[in-house]
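The residues making up each chain are set out below.
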Amino acid sequence: QKTEWWPRWALNKARGVEVLAPLKGKTGWTQATPIALGYSGQKKCFLFVRAESFEMDCRRSEVRPVGGGRTAQQQMEDLISRGHRPENHQDWTDGSDITMSDECDIEFIRPG
């Protein structure tokens, strides 16, 4: 099973994220709250987000920091192009080290 790596900023409930979501017939960036990373039975580890008008699973290419900027996927590609690996970088996680210590943390559920 392939491990999915996510930047830690994408897992901060208090800060939130922007996601590329279909809204009113168009796809656009909108703010959402990350809720969980993966869920039982899921083959990949998507980021599950919730907003006032929708809930959805997101790929890294559909998630960026609030206010804009490069997507999680683009940031991963940047990291790899600099010769780094997400599994060895403190700003990236596969979710296995997430603790539910405060309101900022999301739930991690190992897929599969």
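No experiment lies behind these values; they were computed from the predicted model shown.

Q: Describe in detail the pattern of salt bridges, supporting the description with residues and values.
A: Following the criterion strictly, the structure yields six salt bridges and no others. The partner of R60 in a salt bridge is E4, with the nearest N and O atoms 3.2 Å apart. Of this pair, R60 sits in the loop between β5 (55-58) and β6 (63-64) while E4 sits in the segment before β1 (6-7); the two residues are 56 residues apart in sequence, bridging distant segments of the chain. When sorted by exposure, R60 lands in the same class as E4, which is buried.

Q: Could you give an account of the side chain of R64, with specific residues and numbers?
A: As for its position among the elements, R64 is in strand β6. There is a polar contact of 2.6 Å between the side chain of R64 and the side chain of E18.

Q: Please set out the confidence of the model for the chain residue by residue, giving values where relevant.
A: Mean pLDDT over the chain works out to 83, with 79% of the residues at or above the 70 mark. Of all secondary-structure elements in the chain, the lowest mean pLDDT belongs to strand β8 (residues 107-108), at 56, while β6 reaches the highest, 97.

Q: So what about the pairing of β5? Which residues, and what values?
A: Alternating residues of β5 divide into M56 and C58, all buried, and E55 and D57, none buried. Across four bridges, strand β4 (residues 47-50) lies against β5 in antiparallel orientation. Among the inter-strand pairings, V49 is bridged to a residue of β5, identified as M56. With antiparallel pairing between neighbouring strands as the criterion, β4 and β5 make up a hairpin whose turn holds four residues.

Q: Just give me the short version of the side chain of T93, but keep the residues and values in it.
A: Considering the arrangement of structural elements, one finds T93 in strand β7 (residues 92-93). Sequence-distant contacts of T93, defined by excluding residues within four places in its chain, comprise E4, W5, W6, R8, L11 and I98.

Q: Give me the nonpolar core: which residues, what numbers.
A: Ranked by internal contacts, the top residues of the largest apolar core, which has 19 residues, are W6, V19, L47, V49, F54 and V63. Of all elements in the fold, only β2 (17-23), β3 (26-37), β4 and β5 reach the threshold of two or more residues within this core. Residue contributions to this core peak at three residues, all from β2.

Q: Describe the environment of G16, and please don't skip the residues or the numbers.
A: Along the chain, G16 falls in the loop between β1 and β2. Sequence separation between G16 and P34 is 18 residues, and the spatial gap between their C-alpha atoms is 6.3 Å.

Q: Quick one: what's the story with the pairing of β4, residue by residue and with numbers?
A: Relative to β4, β3 runs antiparallel, the two sharing four bridges. Looking at β4, one finds that A36 is bridged to F48.

Reading the values: the criteria
The numbering scheme is per chain: residues are counted from 1 as the chain's sequence reads. Local features in a predicted model are, by the rule used here, given only for residues with pLDDT of at least 70; side-chain atom pairs are given and counted only at 80 or more, and totals for whole chains, interfaces and linings are based on all residues. The basis for every side-chain value is the complete set of heavy atoms in the structure, and neither hydrogens nor water enter the calculation. Salt bridges are defined as contacts in which a side-chain nitrogen from Lys or Arg sits within 4 Å of a carboxyl oxygen from Asp or Glu. Secondary structure elements follow DSSP: runs of H or I no shorter than four residues count as helices, runs of E no shorter than two count as strands, and numbering proceeds from the N terminus. Each residue gets one of three labels from its accessible area relative to the maximum for its type: buried under 20%, exposed over 50%, partly exposed in between, using a 1.4 Å probe on protein chains only. In protein, a polar contact means a hydrogen-donor-capable atom and an acceptor-capable atom, both N or O and within 3.5 Å, with residues adjacent in sequence counting only if both atoms are side-chain atoms; elsewhere, any N or O pair within 3.5 Å suffices. pLDDT is a residue-level measure of predictor confidence that goes from 0 to 100. Pairing between two strands is assigned when DSSP locates at least 2 bridges connecting them. Residues count as neighbours in contact if any of their non-hydrogen atoms are within 4.5 Å of one another. As used in this record, nonpolar core signifies buried Ala, Val, Leu, Ile, Met, Phe, Trp, Tyr and Cys residues forming a set joined through side-chain atoms within 4.5 Å.

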